[in-house]
Amino acid sequence: MASETATTRLESTTTASWRAGVAAGSLAAVVMGAMMVVQMRPVLEVAIPSMYGLTGGTAGFTIHVAHGAILGVAFAGLASALHFDLDRSLRSLGAGVGYGVVLWAVLAVVAMPVWLGAVGSPANPPLPNVNVTSLVGHVVYGAVLGASYPMLDGVL
């Protein structure tokens, strides 16, 4: 005897949040990247591209912005999963700055040196790679991400 079971499947058809994450993350990465051109050029020209077996500042800047876009989507997803209200700009700015600090601690301080060591990069920093200039850059990334995300979430 066959039986049928009804199931309900909830699918989101809105793409605004992840699109806003891509846009805000890209914008934030461009701002941080501009700072890096002035303050940490070797990171853009050697370290970041060598993570993927590439060389040069154009490759480094492009990869940096791609990372920023992906991390912007992660910010949007995390805010959604935690039911974190980012409609108010100060709250979103604070969340973005906190997110930037966490990214710095996890990705720049630990993951990047491990990755660069694994691929044999000539720009392999020490582990942990505690660098105040990098921290400031990641705080700026988070601030721009947090400030721009609510505005873009309502538009895209």
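Residues numbered from 1 in each chain as written. Predicted model: local features only at pLDDT ≥ 70, side-chain atom pairs only at ≥ 80, totals over all residues. Heavy atoms only, no water.

### Considering the packing of helix H3 (residues 57–81) against helix H4 (residues 89–118)
Running from N to C, H3 and H4 cross one another at 125 degrees; their axes reach a closest spacing of 12 Å. In terms of orientation, H3 and H4 fall into the oblique class. The handedness of the crossing between H3 and H4 comes out as right-handed. Each of Leu71, Ala74, Phe75 and Leu78 in H3 lies in contact with H4, whose residues at this interface are Ser92, Ala95, Gly96, Tyr99, Leu103 and Leu107. Classifying every residue of the contact of H3 with H4 by side-chain character gives eight nonpolar, two polar and no charged. (Axes fitted to C-alpha atoms, helices over the stretch in contact; angles between N-to-C directions. Helix = DSSP H or I, 4+ residues; strand = E, 2+ residues; numbered from the N terminus. Parallel < 35°, antiparallel > 145°, perpendicular 65-115°, else oblique. Left-handed = near helix turned anticlockwise from the far one by under 90°. Contact = heavy atoms within 4.5 Å. Nonpolar A, V, L, I, M, F, W, Y, C, P; charged D, E, K, R; others polar.)

### Structural notes on the UniProt feature "transmembrane region" (unreviewed entry) in the chain
The feature "transmembrane region" (unreviewed entry), as annotated in UniProt, sits at residues 20–41, 61–84, 96–115 and 135–152 in this numbering. In the segment residues 20–41, helix accounts for 95% and strand for 0%; the C-alpha atoms at its two ends are 28 Å apart. Secondary structure over residues 96–115 splits into 100% helix and 0% strand, and the C-alpha atoms at its two ends are 25 Å apart. (UniProt positions renumbered as here; feature names shortened; annotations may be inferred.)

### Here's the deal with the pattern of salt bridges
According to the stated counting rule, one finds one salt bridge in the structure shown. The salt bridge involving arginine 41 is made with glutamate 45; its shortest N-O contact spans 3.3 Å. Of this pair, arginine 41 and glutamate 45 both sit in helix H2 (residues 41–50), four residues apart, roughly one helical turn. Exposure remark for arginine 41: the relative accessible area of 42% places this residue in the partly exposed category. (Salt bridge = Lys/Arg side-chain N within 4 Å of Asp/Glu carboxyl O. Buried < 20%, exposed > 50% of the residue type's maximum accessible area, 1.4 Å probe, protein only.)

### Considering the confidence of the model for the chain
Of all residues in the chain, 90% have pLDDT values of 70 or greater, and the mean over the chain is 90. Note on residues 9–13: pLDDT under 50 across the span, and zero contacts to partners over four residues away in sequence or across chains. (pLDDT = per-residue confidence, 0-100.)

### A few points about the packing of aromatic side chains
The final tally for this structure, using the stated rule, is three aromatic pairs. With a centroid separation of 5.2 Å and an interplanar angle of 70 degrees, the aromatic rings of tyrosine 52 and tryptophan 115 are classed as edge-to-face. With tyrosine 52 in the loop between H2 and H3 and tryptophan 115 in helix H4, this residue pair connects regions lying 63 residues apart in the sequence. Classification of tryptophan 115 as partly exposed rests on a relative accessible area of 34%. Note on phenylalanine 75 and tyrosine 99: the rings are 5.2 Å apart at their centroids and 55 degrees apart in plane angle, and the pair reads as tilted. One end of the pair, phenylalanine 75, is in helix H3; the other, tyrosine 99, is in helix H4, and 24 residues separate them in sequence. Taken together, Phe75, Tyr99 and Tyr149 form an aromatic cluster joined through their ring pairs. A cation over an aromatic ring shows up here: arginine 91 above the ring of phenylalanine 84, its NZ or CZ 4.3 Å from the ring centre. (Phe/Tyr/Trp six-rings, centres within 6.5 Å; stacked < 30°, edge-to-face > 60°. Lys NZ or Arg CZ within 6 Å of the ring centre and 35° of its normal.)

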